[in-house]
Amino acid sequence: AGAGDYLIRSLQARVAAEPDNLPARLELARRYQQAGSPELALEHYRLAVTRFPDSGEVQLLLARCLRSLALTSQAAEGLAQFLKEHPQTSPEFSAWMGILQDELGRWEQGETAHRAALALASSRDDLHNNLGYNLLQQKRYQEAAEEFRRALALRPDSLIARNNLGLAIASQPAEALRAWQAGRDPASAHNN
């Protein structure tokens, strides 16, 4: 794979000569993904995790690659194991764990992960939106609306949070329409 791609060939040679060269291995995996060979990228991410088991960057890249191949359960299991062994101070790991759990329909585990991410970075609008989406899926509309409002307080131009807020308060049509109109033109708000 990649025989006609000079960059892939040169990265293959570097990785073969220097198997512990993490940046070269990760760049090769990225190039394989871009070239339409995600299964080869996955193998390089798996090898990188084996060689560099303490690297959070590698673990997240592996989880994202597994997710892109519809192997979400494997991604969640691997990330959960990594987090058990490597407590984090960055919200990225818990945020991704929440996303993966949500995609698997494991709403309570997702909620726990989203709240853990927010405990590390309460001023990030995307994390409030993620928790709100999780609560929305659990039909906890009032709590979801509160999270979407927090996200909008942090980033008033977030169309995703505004649309999600409209969904959370859809049982109150007038309020939902006002929420959608605040971020869009009246016709788009009406269509929502």
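Relevant structure appears above.
The model shown is predicted, which means the values in this text are computed figures rather than measured ones. (Residues numbered from 1 in each chain as written. Predicted model: local features only at pLDDT ≥ 70, side-chain atom pairs only at ≥ 80, totals over all residues. Heavy atoms only, no water.)

A. Looking closely at the overall build of the chain. When you go through the chain residue by residue, the secondary structure sums to 12 helices and zero strands. Traced from its N-terminal end to its C-terminal end, the chain shows the element sequence α-α-α-α-α-α-α-α-α-α-α-α. A fraction of 41% describes how many contacts in the chain between residues 6 or more apart in sequence connect residues 24 or more apart. Accessible surface computed for the chain: about 10,000 Å², of which carbon and sulfur atoms make up 52%. (Helix = DSSP H or I, 4+ residues; strand = E, 2+ residues; numbered from the N terminus. Contact = heavy atoms within 4.5 Å. Areas by Shrake-Rupley, 256 points an atom, 1.4 Å probe, with all protein chains shown as cover.)

B. Representation of helix α5 (residues 72-85) within the structure. A rise of 1.5 Å per residue sets the reference length of α5, with its 14 residues, at 20 Å; its end C-alpha atoms lie 20 Å apart and thus fit the reference within 8%. Buried residues in α5 make contact with α4 (56-68) and α6 (91-103). (Expected span 1.5 Å × (residues − 1).)

C. Here's a closer look at α4. Given a rise of 1.5 Å per residue, 13 residues ought to cover 18 Å, and the 18 Å separating the end C-alpha atoms of α4 matches this to within 8%. At its buried positions, α4 is contacted by α2 (22-34), α3 (38-51), α5 and α6. Looking one or two residues beyond α4, the residue adopting positive phi is A70, at roughly 60°.

D. Expanded view of the environment of H44. One can find H44 in helix α3. Sequence separation between H44 and L26 is 18 residues; the distance between their C-alpha atoms is 7.4 Å. Apart from the residues lying within four places of it in its own chain, the contact partners of H44 are V15, R25, L28, A29 and Y32.

E. Broad picture of unusual backbone geometry. One non-glycine residue with positive phi stands out, namely A70, at about 60°. Given the relative accessible area of 65%, A70 is considered exposed. Positioned with a positive phi, K139 is a non-glycine residue whose angle comes to about 65°. For K139, the position within the fold is in the loop between α8 (125-137) and α9 (141-154). Residue classification places K139 among the exposed positions, given a relative accessible area of 59%. (Buried < 20%, exposed > 50% of the residue type's maximum accessible area, 1.4 Å probe, protein only.)

F. Local environment of the nonpolar core. Core analysis: the biggest nonpolar cluster contains 30 residues, and L26, Y45 and L79 have the highest contact counts within it. Counting residues per element, the ones that place at least two in this core are α1 (6-17), α2, α3, α4, α5 and α6. For this core, the element with the most residues is α4, which contributes seven residues. Not counting residues up to four positions away in its chain, the partners in contact with Y45 are L26, A29, R30, Q33, V58, L61, L62 and C65. Counting 17 residues, the second largest nonpolar core, distinct from the first, contains L118, F148, L152 and A161. (Core = buried A, V, L, I, M, F, W, Y, C linked by side-chain atoms within 4.5 Å.)

G. Representation of the pattern of salt bridges in the model. Applying the stated rule across the entire model yields 14 salt bridges. In this structure, E43 and R46 form a salt bridge, with 3.1 Å as the shortest nitrogen-oxygen distance. With E43 and R46 both in helix α3, this residue pair falls three residues apart, about one helical turn. E43 gets classed as partly exposed once you look at its relative accessible area, which sits at 38%. Its relative accessible area of 29% is what places R46 among the partly exposed residues. Salt-bridge contacts for R124 lead to D126; the nearest nitrogen and oxygen are separated by 2.7 Å. (Salt bridge = Lys/Arg side-chain N within 4 Å of Asp/Glu carboxyl O.)

By themselves, these observations are geometric and do not establish any function.
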